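Chain by chain, the residues:
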Amino acid sequence: MNHIALIGAGPSGLAGARALSRAGIPFDGFEAGPDVGGLWNIDNPRSTMYESAHLISSRTTTEFAEFPMASTADYPSHRELLEYFRTYADAFGLRERFRFETRVTDVSPLPAPEGGAEPGAPRWRVTAVTADGETITGDYSGVILANGTLAEPNVPGFAGSFDGEIMHTSAYKSAKVFDGRRVLIIGAGNSGCDIAVDAVHHAASVDLSVRRGYYFVPRYLFGRPSDTLNQGRPLPARIKQFIDTRVLRAFTGDPVRFGFPKPDYKIYESHPIVNTMVLNHLGQGDLRVVPDIARFDGRTVHFSDGSSGDYDLIMLATGYHLDYPFVERTHLNWEGASPSLFMNVFPPSFNGLFVLGMIEASGIGWQGRYEQAELIAAYLAAADDAPEAAARFRQRADAPWPDLTGGYDYLGLDRMSYYVNKDAYRRTVKRLLGTLPPTSERGPLLPSGLVTASTNATTASDPTIQTESGTA
Ligand SMILES: Cc1cc2nc3c(=O)[nH]c(=O)nc-3n(C[C@H](O)[C@H](O)[C@H](O)COP(=O)(O)OP(=O)(O)OC[C@H]3O[C@@H](n4cnc5c(N)ncnc54)[C@H](O)[C@@H]3O)c2cc1C
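Residues numbered from 1 in each chain as written. Predicted model: local features only at pLDDT ≥ 70, side-chain atom pairs only at ≥ 80, totals over all residues.

For this particular structure, what's the right way to read the overall build of the chain?
Check the secondary structure of the chain and you find ten helices and 23 strands. Relative to the compact-globule value of 23 Å for 472 residues, the chain shows a C-alpha radius of gyration of 23 Å, a close match. With respect to the three principal axes, the spread of C-alpha positions in the chain is 70 × 50 × 40 Å. Contacts in the chain between residues at least 24 apart in sequence constitute 69% of all its contacts with a sequence separation of at least 6. (Helix = DSSP H or I, 4+ residues; strand = E, 2+ residues; numbered from the N terminus. Rg over C-alpha atoms; globule rule 2.2 N^0.38 Å. Contact = placed C-beta atoms within 7 Å.)

What follows is the structure, encoded as structure tokens:
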């Protein structure tokens, strides 16, 4: 029988734990931080959350479908969200399935036995370091990587050098850092705009340097959270782009008026910015849009149009890049900026690695990530119980892969390399799930947790966690 290692107890890892438990698939969870919640736990050393952060997508489109949030806020704060994940983990007995403060440092393939491995036999050795500095290992038939996509800062190089402070948004926690300072924010994605709005209340001045134009979506349209509109049958891409461009023009006007370049792409071909407060502050003169950076020179920043400004603090809102540092890139079939995976989950060699949460999409929410987890669980269950169905599933990855763009022509940027359209993606997951036997027939896994797995297990399909001083 498959026995799985699951890395990360953020929203994706919890979704994985829930789906595996439901499908009766044994697993051991590893979480580097002290608790569940991933980046929503501002105290998790790897968290890129900041004090003022709230959900950007709305509550009802983001929450796990089987576990609605108790909150009445449409866009709850990160504190409420952490509480939500804690309650979710407790409600389904997921917490006890993880080893906390245990960082996975290596995932390596085990040598294949002569004559080929039995189904469910261990194929991967997972090495991790505990809070006490102890190194532990465990052998697993599969490993689910749910270690997050927004942790490793993308720091571009700039010509020249800057004498003031440079900070990436990943290190930003509180607006106090802006007190009385001349601030330049580079990049106007969702974090850049959120942080610009924070900064105007503290800084001496705030400029926002942008390369391209953006589409700004208000949080509310017609009195409702904007992403709750048009939730039924999705409109074809061209029609949705036509309608929404006009709706936005009516509600937010033309961002070019505030100094932004005109977007050189259509709406939804890049991630939209759900923030119109930034436009209000531009209109109030609290904030100024400046062009792309040409070079730094002491405290002076020269821009691409020949203008310049003096600053004390530069905030790099330049995003993140994918990072799976504990596993060799070939095992994840990296191509350019991201692993090239069937359904953003399965390496085409079906080598027993699964990536959960490597998905960027407007409105995919945690339910979308849960559905990914369901697909992994259904495939693993089929590998145990219905090998022909699992083999047919694998064959699908040999055929041309499903179109997950929804008809949108996404910008060819690194950060868009694993972007999908939520409707196309969820529809395809549903279709693929329909090709695998339902996991509900296997019955749920009783929460036995790591203790049982690590103390009693010795057989190949029931791995042992080894510590340097013996079996944990
Ligand atoms: C400011 C901000 C606002 C956002 N707003 C939204 C929103 O409105 N809607 C939305 O859907 N998404 C939003 N996101 C995206 C967010 O990434 C997802 O909501 C969600 O947190 C992704 O969950 P995850 O489990 O994949 O990753 P994470 O939340 O990053 O969790 C990964 C977990 O893996 C652990 N880990 C990492 N490496 C290791 C290792 N080597 N060993 C063991 N454990 C490890 C980490 O400690 C962490 O707990 C936002 C992100 C930010 C930063």
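Please explain the packing of helix α4 (residues 190-199) against helix α6 (residues 277-284) as it appears in this structure.
For any two helices packed against each other, one specifies the crossing angle of their axes together with the interaxial distance. Direction vectors running N to C along α4 and α6 enclose 45°, while the axes themselves pass 9 Å from each other. Relative to α6, the element α4 lies oblique. Taken as a pair, α4 and α6 cross one another with a handedness that is left-handed. Where α4 approaches α6, its residues Cys193, Ala196 and Val197 are matched on the opposing element by Met277, Val278 and His281. Residue composition of the contact of α4 with α6, grouped by class: five nonpolar, one polar and no charged. (Axes fitted to C-alpha atoms, helices over the stretch in contact; angles between N-to-C directions. Parallel < 35°, antiparallel > 145°, perpendicular 65-115°, else oblique. Left-handed = near helix turned anticlockwise from the far one by under 90°. Nonpolar A, V, L, I, M, F, W, Y, C, P; charged D, E, K, R; others polar.)

It is not clear to me how the sheet that holds strand β8 (residues 160-162) should be interpreted in this structure. Could you clarify?
Strand pairing in a sheet is mediated by backbone hydrogen bonds. Such pairs are either parallel or antiparallel. Ordered in space as β8-β15-β16-β17, the four strands form an open sheet in which the pairing is mixed. Among the strands making up the open sheet, the edge pair consists of β8 and β17 (308-310). The average angle at which neighbouring strand axes cross in this sheet is 35°, direction not considered. Both β8 and strand β15 (residues 293-298) contribute to a ladder of three bridges, which runs parallel. By the bridge assignment, Gly160 is partnered in β15 with Phe296. (Pairing = 2+ DSSP bridges.)

I tried to follow the site of the ligand on my own but got confused; where do I start?
Inspection of the region around the ligand gives 34 residues, with Gly8, Gly10, Gly38, Gly148 and Gly357 positioned closest. When contributions to the shell around the ligand are tallied by element, the ones reaching two or more residues are α1 (11-22) and β4 (103-109). Sort the elements by how many residues they give to the shell around the ligand and α1 lands first, with three residues. Taken together, the residues of the shell around the ligand break down into 16 nonpolar, 15 polar and three charged. (Near = placed C-beta within 6 Å.)

Got a minute to help me understand unusual backbone geometry in this structure?
Comment: phi is negative for the bulk of residues other than glycine, and the bulk of peptide bonds are trans. A positive phi angle, near 75°, is found at Tyr268, a position not held by glycine. By secondary structure assignment, the location of Tyr268 is in the loop between α5 (237-252) and α6.

Would you take a moment to explain the environment of Trp334 for this structure?
Mapping Trp334 onto the fold places it in strand β19 (residues 334-335). By the C-beta count within 10 Å, which is 16 here, Trp334 ends up partly exposed. Taking the C-alpha atoms as reference points, Trp334 and Arg442, separated by 108 residues in sequence, lie 34 Å from one another. Apart from the residues lying within four places of it in its own chain, the contact partners of Trp334 are Arg329 and Pro339. (Buried ≥ 20, exposed ≤ 12 C-beta atoms within 10 Å, placed from the backbone.)

Please clarify how the sheet that holds strand β21 (residues 353-355) should be interpreted in this entry.
Sheet architecture is open: five strands sit in the order β3-β2-β1-β7-β21, paired in parallel fashion. Taken across any chain shown, the strands that pair with only one partner, and hence form the sheet edges, are β3 (98-99) and β21. As defined by bridge partners, strand β7 (residues 142-145) adjoins β21 across three bridges and the pair is classed as parallel. Considered in β21, the bridge of Ile144 is made with Phe354. On the sheet, α1 packs against β1 (4-7), β2 (27-30) and β7 and is oriented at approximately 155° with respect to β1.

Teacher, can you tell me more about the pairing of β1 here?
The two faces of a sheet get side chains in turn, since along a regular strand they alternate between them. Both faces of β1 are covered, namely the face carrying Ile4 and Leu6 and the face carrying Ala5 and Ile7. For β1 and β7, the ladder comprises four bridges, and the chain directions are parallel. Residue pairing in the sheet places Ala5 in a bridge with Val143 of β7. Relative to β2, β1 is paired through four bridges, and the arrangement is parallel.

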